There are 4 protein chains.
Amino acid sequence: MSNKEIVYTVRVEFGDCDPAGIVWFPNFFRWIDAASRHFFHQCGVPRWEETTKTLGVIGTPLVDTHTRFVKTASYGDTLEIAVRIAEWREKSFVQAYRVTRGADPILECEEVRIFGGKREDGSLRALPVPPSIRALCE
Amino acid sequence: MSNKEIVYTVRVEFGDCDPAGIVWFPNFFRWIDAASRHFFHQCGVPRWEETTKTLGVIGTPLVDTHTRFVKTASYGDTLEIAVRIAEWREKSFVQAYRVTRGADPILECEEVRIFGGKREDGSLRALPVPPSIRALCE
Amino acid sequence: MSNKEIVYTVRVEFGDCDPAGIVWFPNFFRWIDAASRHFFHQCGVPRWEETTKTLGVIGTPLVDTHTRFVKTASYGDTLEIAVRIAEWREKSFVQAYRVTRGADPILECEEVRIFGGKREDGSLRALPVPPSIRALCE
Amino acid sequence: MSNKEIVYTVRVEFGDCDPAGIVWFPNFFRWIDAASRHFFHQCGVPRWEETTKTLGVIGTPLVDTHTRFVKTASYGDTLEIAVRIAEWREKSFVQAYRVTRGADPILECEEVRIFGGKREDGSLRALPVPPSIRALCE
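In this text the structure is predicted, and so the values were computed from the model without any measurement.

About the cut-offs
- Residues numbered from 1 in each chain as written.
- Chains lettered and ligands numbered in written order.
- Predicted model: local features only at pLDDT ≥ 70, side-chain atom pairs only at ≥ 80, totals over all residues.
- Heavy atoms only, no water.
- Contact = heavy atoms within 4.5 Å.
- Buried area = accessible area lost by both parts, 1.4 Å probe.
- Salt bridge = Lys/Arg side-chain N within 4 Å of Asp/Glu carboxyl O.
- Polar contact = N/O pair within 3.5 Å; in protein donor to acceptor, adjacent residues only side chain to side chain.
- Helix = DSSP H or I, 4+ residues; strand = E, 2+ residues; numbered from the N terminus.
- Nonpolar A, V, L, I, M, F, W, Y, C, P; charged D, E, K, R; others polar.
- Buried < 20%, exposed > 50% of the residue type's maximum accessible area, 1.4 Å probe, protein only.
- Axes fitted to C-alpha atoms, helices over the stretch in contact; angles between N-to-C directions.
- Parallel < 35°, antiparallel > 145°, perpendicular 65-115°, else oblique.

*Asks:* Whenever I open this one, the interface of chain A and chain B confuses me. Can you help?
*Replies:* Where interface size is given, it is often the accessible area lost as the parts come together that is meant. Between chain A and chain B, the contact holds 22 residues from the first and 22 residues from the second. Buried surface at the junction of chain A and chain B, summed over both partners, amounts to about 2,000 Å²; 66% is from carbon and sulfur atoms. The interface formed by chain A and chain B includes zero salt bridges. For the interface between chain A and chain B, the tally reads 10 residue pairs in polar contact (both at pLDDT 80 or more). Elements supplying a minimum of two residues to the side of chain A that touches chain B: α1 (26-43), β2 (62-69) and β5 (104-113) of chain A. When residues of the side of chain A that touches chain B are assigned to their parent elements, the largest contribution, eight residues, is made by β2(A). Residues that form the side of chain A that touches chain B fall into these classes: 11 nonpolar, four polar and seven charged.

This is how it looks when you write it as structure tokens:
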């Protein structure tokens, strides 16, 4: 397990909310994806355009997500998303998120992601976790 | 378990895709949420504005989602989302989705949702599953 | 002026609406962009990946939009977006949209778009309108 | 013309970009709408739930937008959106936006918005500009 935990901050906007006046849940996944990329950026991992050239890594596509929603949020709220790598596997990794508003828990999420490469035919495959990226993130 | 399975069809658009040229995953949750509402609509459940008045039900907020992504999709694809209620509980239900592109499996998702009511203070609570809605959906 | 007018149909979903219960306006631009691409697709213009190789055209970036909102829409509505090319210029074109719900006018939009190419440094430039594409669309 | 100009800051994320690697334009309208609300919030205008009760104002629906896109943006960019009220009319106002990335102009936008109220039948109408809100914003 990695010790690094990096926080990404989100302002909830009016347009992020649905007719019930609460955040429409797909928006949480927008922010989680941004928090995932922010984690790598803060660790020093270059843009995916660059890793495409150097490592064949086009990004970190999602393979599996399990998310539990605890409390609702609405516009005007500021959310903090604490991100860490919970587990490194050979060809994937588990990225974990805790979303809070002050002391309130909002949601918890664990994802399995891969470092994706493209085959000749354009389809996606899981590359072995690049040691250079793992070293930056631990 | 309910026998009803209702299919919602999605056209993937250019703007649904990310710089890697594949669907950006939060968009799948947009479509899953639309497929959820479409299921209730096809079963004859009225708009949430109406159920708010008649049953105190403002909608079906998500409590838990577990989603496995199998193949990627891109713009020009037509996806079918087969939706059913996998389980009725006292104060929640499990809604299940299978997303396919022709014979290709794209993703599978199981959600726990509630029939949400609002407390005096505006916070959300799970109502007992309304028998009238359950009867429409079985 | 071109004679071709091609209609793109949109179902408005719950999540497309804001706390006021009406479509949150950026979603109209999602649909307009999809209707723009749909127009070219129906005219027989290939995917942008292909035109990137054959013509250097990566897509049709927006340069200018002028949009007038007439009536609101909400979930459950079906909208029709009628699209045409109102004018061809040397290095740009005007694409025009009329969005209706049955007999109700919802919005009108005129855009200036270009056929975009990429310079060596990755920046975007307007290419002369490719005669082969214009011929397909007239 | 008002003198107040309030800046809203945006981080462009990976998922905000399209297969061409640049911001997909409807996302600019997401940010512009957030910058509009941010302007009112910074001026001391309460949440729309409150103004619904006190003034009958449910929000500031868009009537007209004219937007010119100058340069593209991509993920990793930080954008500043400078917002002001360019003109007050009897039943509407013009809100103007200048989006920049450092010294680079990205886009310019002028909107006509109204203070929206709901009729008995749920349809929207333009209210006279509330003097209390105008006073806060000047």
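*Asks:* Can you walk me through the pattern of salt bridges in this structure?
*Replies:* Between side chains of opposite charge, a pair can form as their charged atoms come close. Considering all chains together, one arrives at 52 salt bridges over all chains under this definition. In this structure, Asp16(A) engages Arg30(A) in a salt bridge whose closest nitrogen and oxygen atoms are separated by 2.8 Å. With a gap of 14 residues between them, Asp16(A) in the loop between β1 (6-11) and α1 and Arg30(A) in helix α1 connect regions that are remote in the sequence. A residue is classified by how much of its surface remains accessible, and Arg30(A), at 14% relative accessible area, is buried. With a shortest N-O distance of 2.9 Å, Glu110(D) and Arg68(D) are connected by a salt bridge. Separated by 42 residues along the polypeptide, Glu110(D) in strand β5 (residues 104-113) and Arg68(D) in strand β2 (residues 62-69) bring together distant segments of the chain. Classification of Glu110(D) by relative accessible area gives partly exposed; the value is 32%. Put simply, Lys71(A), Asp77(A), Arg101(A) and Asp104(A) are held in one network by salt bridges that share partners.

*Asks:* Help me understand the packing of helix α1 (residues 26-43) of chain C against helix α1 (residues 26-43) of chain D in this model?
*Replies:* Two quantities define a packed helix pair, namely the angle between the helix axes and the distance between the axes. Where α1(C) contacts α1(D), the two axes come as close as 8 Å, and the packing angle between them is 170°. It follows that α1(C) is roughly antiparallel to α1(D) by the angle criterion. In this structure, α1(C) uses Pro26(C), Phe29(C) and Arg30(C) to contact α1(D), whose residues at the interface are Pro26(D), Phe29(D) and Arg30(D). Class assignment for the residues of the contact of α1(C) with α1(D) results in four nonpolar, no polar and two charged.

That's the geometry; what it means functionally is another story.
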